[in-house]
Amino acid sequence: MFFRLLNHCRLVEGACRAAIYDLNSGKVLSVNSSAADLLVACQSRAVEDILADLPDAALFQSFLNMLAEKQLGSFYVVEPAARPADFPVPSPVLDFLWLELTAKCNNRCLHCYSESDIHSEETAVPHARWLELLCEARAEGATGVQLIGGEPLLYSSWQELVEKAAALQYQYIEIFTNATLIREEDIDFFKRHHVHVATTIYAAHAAVHDSVTKNPGSFERTLSAIKRMLAAGIPVRIASIIMKVNEAEAENILRLCQQLGVDPQPPDVIRPTGRGDDDSLLPENYRRLPVRPPFAVDPEDFFQAQCINPCLAGKIAVTANGDVFPCIFARSMVCGNILQTPLRDVIRGAALQTCWHTTKDCVEKCRDCEYRYACHDCRPLAQGADSEKNWLAASPGCSYNPYIGRWEDRDE
């Protein structure tokens, strides 16, 4: 008699325990090391031969019976054929890019990841190179582009870039703006070119919002622009970042979004990048949701997680000086410069490819965890939170210790 996990199940081993991933239901079942050893042994030996060597054979037989009852495994009279090869994960291609058009901004937000303000240096990228870059990125497969800054509306020729992206048939064009500079003619332009707009609100009233932006009157101007864009039918999304000065405003921001008719998104916590890399800005009580079970996974995510970093692969950010990062927050991970190298060569270069392929199998602690293919990973967040700014640092929101197989309170 032989036993195998069914084809929709995978065993992933960790340092102390293992997990069975049920790719049909999406559930992840934790098992101890003895159970994992049994399942591994079943790959090459008959069940009777294995159990004959075990003093607690009845317990292990019961475990296999349970897996069969749950339709996670099956017994076979004849040794079954090898499992079909996993569906191959294609190599990532460029899909989305951020263009950081300028470092100038009329706000001076406390937490700005790019440390922008009105005195920042002018862009080093010639306008013709931005236009050319849109063509190169589209040829590489990009379908989405976001214009950011600084404040992108301070870049004098931003409209021409939108027109170029539209002419190249980018499927998604978004401008991330503080919305304080939006004019009626800009709203008309957004509508004509099907531009999406993203902006940020830090509170439901001016006093706190403006204390974050350091720009008196910014709340009223931003809110007014949001209302005018929504009235014109412009797709608007509102992001929010929580830090010490505005952590009491999290629920108020969500209520304001609902009142405006914008899908409320849970606020993020300040990222340790740029001016945000300051412990004095951290909120005292508001926290990201911790990494905790139950986990869920689908087949595509499971196989991708073994080959690429799903959050990074296919994306690049290009700064106002031409540097290329894998993410707008990964500002120490320079993968090339589009003023010195064609985009095609940057994309195929070892630096960017290494970032795109930074799986949990590369990451400290995570590589020894049985849940590594089922939980989200943000490399810039992990790097920023690490005292040594290590790109392969473990995720800061995870209290699981894979070496003892236990969830621990990080504050203990």
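Residues numbered from 1 in each chain as written. Predicted model: local features only at pLDDT ≥ 70, side-chain atom pairs only at ≥ 80, totals over all residues. Heavy atoms only, no water.

## Looking at unusual backbone geometry
Trans is the prevailing form of peptide bonds, just as negative phi is the prevailing case for residues other than glycine.
Thought 1: Of the consecutive residues glycine 149 and glycine 150, the connecting peptide bond is found in the cis state with omega at 20 degrees.
Thought 2: Structurally, the position occupied by glycine 150 is in the loop between strand E7 (144–148) and helix H5 (158–167).
Thought 3: Cis geometry is adopted by the peptide bond preceding proline 294, which originates at proline 293 and carries an omega value of 5 degrees.
Thought 4: Structurally, proline 294 can be placed in the loop between strand E12 (268–269) and helix H10 (299–305).
Thought 5: Phi is positive for lysine 214, close to 55 degrees, though the residue is something other than glycine.
Thought 6: Its location among the elements puts lysine 214 in the loop between helix H7 (206–213) and helix H8 (218–231).
Thought 7: Look at lysine 365: it is not a glycine, yet its phi comes out positive at around 70 degrees.
Thought 8: Of note, lysine 365 is situated in the loop between helix H12 (350–356) and helix H13 (379–385). (Helix = DSSP H or I, 4+ residues; strand = E, 2+ residues; numbered from the N terminus.)

## Examining the packing of H5 against helix H6 (residues 184–192)
Thought 1: Direction vectors running N to C along H5 and H6 enclose 10 degrees, while the axes themselves pass 11 Å from each other. Considering their axes alone, H5 and H6 lie roughly parallel with respect to each other. Residue-level inspection shows Trp158, Gln159, Val162 and Glu163 of H5 in contact with H6, the latter providing Asp186, Phe189 and Phe190.
Thought 2: By residue class, the composition of the contact of H5 with H6 is four nonpolar, one polar and two charged. (Axes fitted to C-alpha atoms, helices over the stretch in contact; angles between N-to-C directions. Parallel < 35°, antiparallel > 145°, perpendicular 65-115°, else oblique. Contact = heavy atoms within 4.5 Å. Nonpolar A, V, L, I, M, F, W, Y, C, P; charged D, E, K, R; others polar.)

## Thoughts on a nonpolar patch on the surface
Thought 1: A grouping of Met1, Val77 and Val78 is seen on the molecular surface, where their side chains present a nonpolar patch of about 320 Å² in accessible area.
Thought 2: Here valine 77 lies in the loop between strand E5 (73–76) and strand E6 (96–100). (Patch = residues over 30% accessible without salt bridge, like charges linked within 9 Å, V, L, I, M, F, W, Y side chains within 5 Å. Areas by Shrake-Rupley, 256 points an atom, 1.4 Å probe, with all protein chains shown as cover. Salt bridge = Lys/Arg side-chain N within 4 Å of Asp/Glu carboxyl O.)

## A word on the environment of isoleucine 234
Thought 1: Residue position: isoleucine 234 is located in the loop between H8 and strand E10 (236–239).
Thought 2: For isoleucine 234, a relative accessible area of 4% translates into the label buried.
Thought 3: Setting aside its immediate chain neighbours within four residues, isoleucine 234 contacts Ile187, Phe190, Lys191, Val195, Val197 and Met229. (Buried < 20%, exposed > 50% of the residue type's maximum accessible area, 1.4 Å probe, protein only.)

## A word on the side chain of aspartate 210
Thought 1: On the secondary structure map, aspartate 210 appears in helix H7.
Thought 2: Look at aspartate 210: it is buried, it has no salt bridge, and the nearest opposite charge is arginine 221 at 7.1 Å.
Thought 3: Within the structure, the side chain of aspartate 210 is placed 2.8 Å from the side chain of serine 218, a separation counted as a polar contact.
Thought 4: In contact with aspartate 210, other than residues within four places in its own chain, are Asn215, Pro216, Gly217, Ser218 and Phe219. (Lys, Arg positive; Asp, Glu negative; His and termini not counted. Polar contact = N/O pair within 3.5 Å; in protein donor to acceptor, adjacent residues only side chain to side chain.)

## Topic: the sheet that holds E6
Thought 1: The strand order across the open sheet formed by seven strands is E10-E9-E8-E7-E6-E13-E14, and the pairing between neighbours is mixed. For this open sheet the edge positions go to E10 and strand E14 (324–325), each flanked by a neighbour on one side alone.
Thought 2: In this sheet, E10 lies alongside strand E9 (residues 196–200) in parallel orientation, the contact comprising four bridges. Note that in E10 the partner of threonine 199 across the bridge is isoleucine 238.
Thought 3: Across the sheet, H5 lies against E7 and strand E8 (172–176), angled at about 160 degrees from E8, the strand it touches most. (Pairing = 2+ DSSP bridges.)

## Re the pairing of E7
Thought 1: Of all five residues that make up E7, five are buried, and the element is covered over most of its length.
Thought 2: Burial of E7 is two-sided: the residues Gly144, Gln146 and Ile148 facing one way and the residues Val145 and Leu147 facing the other way are all buried.
Thought 3: Regarding the hand of the β-α-β motif, the stretch spanning E6, helix H4 (residues 127–139) and E7 is right-handed.
Thought 4: Two elements, E7 and E8, share four bridges in a ladder whose sense is parallel. When the sheet's bridge partners are listed, glycine 144 is paired in E8 with tyrosine 172. (Right-handed = clockwise from strand over helix to strand, strands pointing away.)

## Observations regarding the sheet that holds strand E4 (residues 28–31)
Hydrogen bonds along the backbone pair up the strands of a sheet, which may run parallel or antiparallel.
Thought 1: What the three strands build is an open sheet, ordered E2-E3-E4; its pairing is antiparallel. Edge positions in the open sheet fall to strand E2 (9–13) and E4, since each of these has one partner strand only. Ignoring strand direction, the axes of neighbouring strands in this sheet form an average angle of 25 degrees.
Thought 2: Contacts from helix H1 (residues 33–41) reach E2, strand E3 (18–22) and E4, with the element oriented near 125 degrees to E2.

## A short note on the pairing of strand E13 (residues 315–318)
Thought 1: One ladder, built from four bridges, connects E6 with E13; its direction is parallel. Across the sheet, the residue bridging to leucine 97 is isoleucine 316, located in E13.
Thought 2: When E13 meets E14, the two strands line up antiparallel, connected through two bridges. Residue pairing across strands places alanine 317 opposite phenylalanine 325, the latter belonging to E14.
Thought 3: If you look at the hairpin formed by E13 and E14, you'll find five residues sitting between the two strands, and glycine 322 has a positive phi there, around 95 degrees.

## Focus on the pattern of salt bridges
Thought 1: The full count for this structure, using the stated rule, is 20 salt bridges.
Thought 2: The residue arginine 129 makes a salt bridge to glutamate 136 at a minimum N-O spacing of 3.0 Å.
Thought 3: With relative accessibility at 10%, the residue arginine 129 sits in the buried group.
Thought 4: We note a salt bridge from arginine 228 to glutamate 184, for which the minimum N-O separation is 2.7 Å. In this pair, arginine 228 sits in helix H8 while glutamate 184 sits in helix H6, placing the two residues 44 residues apart along the sequence.
Thought 5: Using a relative accessible area of 27% as the deciding quantity, one classes arginine 228 as partly exposed.
Thought 6: Counted as one network, the salt bridges with shared partners bring together Arg129, Glu132 and Glu136.

## Quick look at the state of the cysteines
Covalently bonding the sulfur atom of one cysteine to the sulfur atom of another cysteine gives a disulfide.
Thought 1: All told, the structure shown has zero disulfides when counted by the stated rule.
Thought 2: Left without a disulfide partner, cysteine 257 is nearest to the cysteine sulfur of cysteine 109, which lies 16 Å away.
Thought 3: Residue class for cysteine 257 comes out buried when judged on its relative accessible area of 2%.
Thought 4: In this structure cysteine 307 is not part of a disulfide, and its nearest cysteine sulfur, from cysteine 362, lies 11 Å away. (Disulfide = S-S within 2.5 Å.)

Read these as spatial facts, not as claims about activity.
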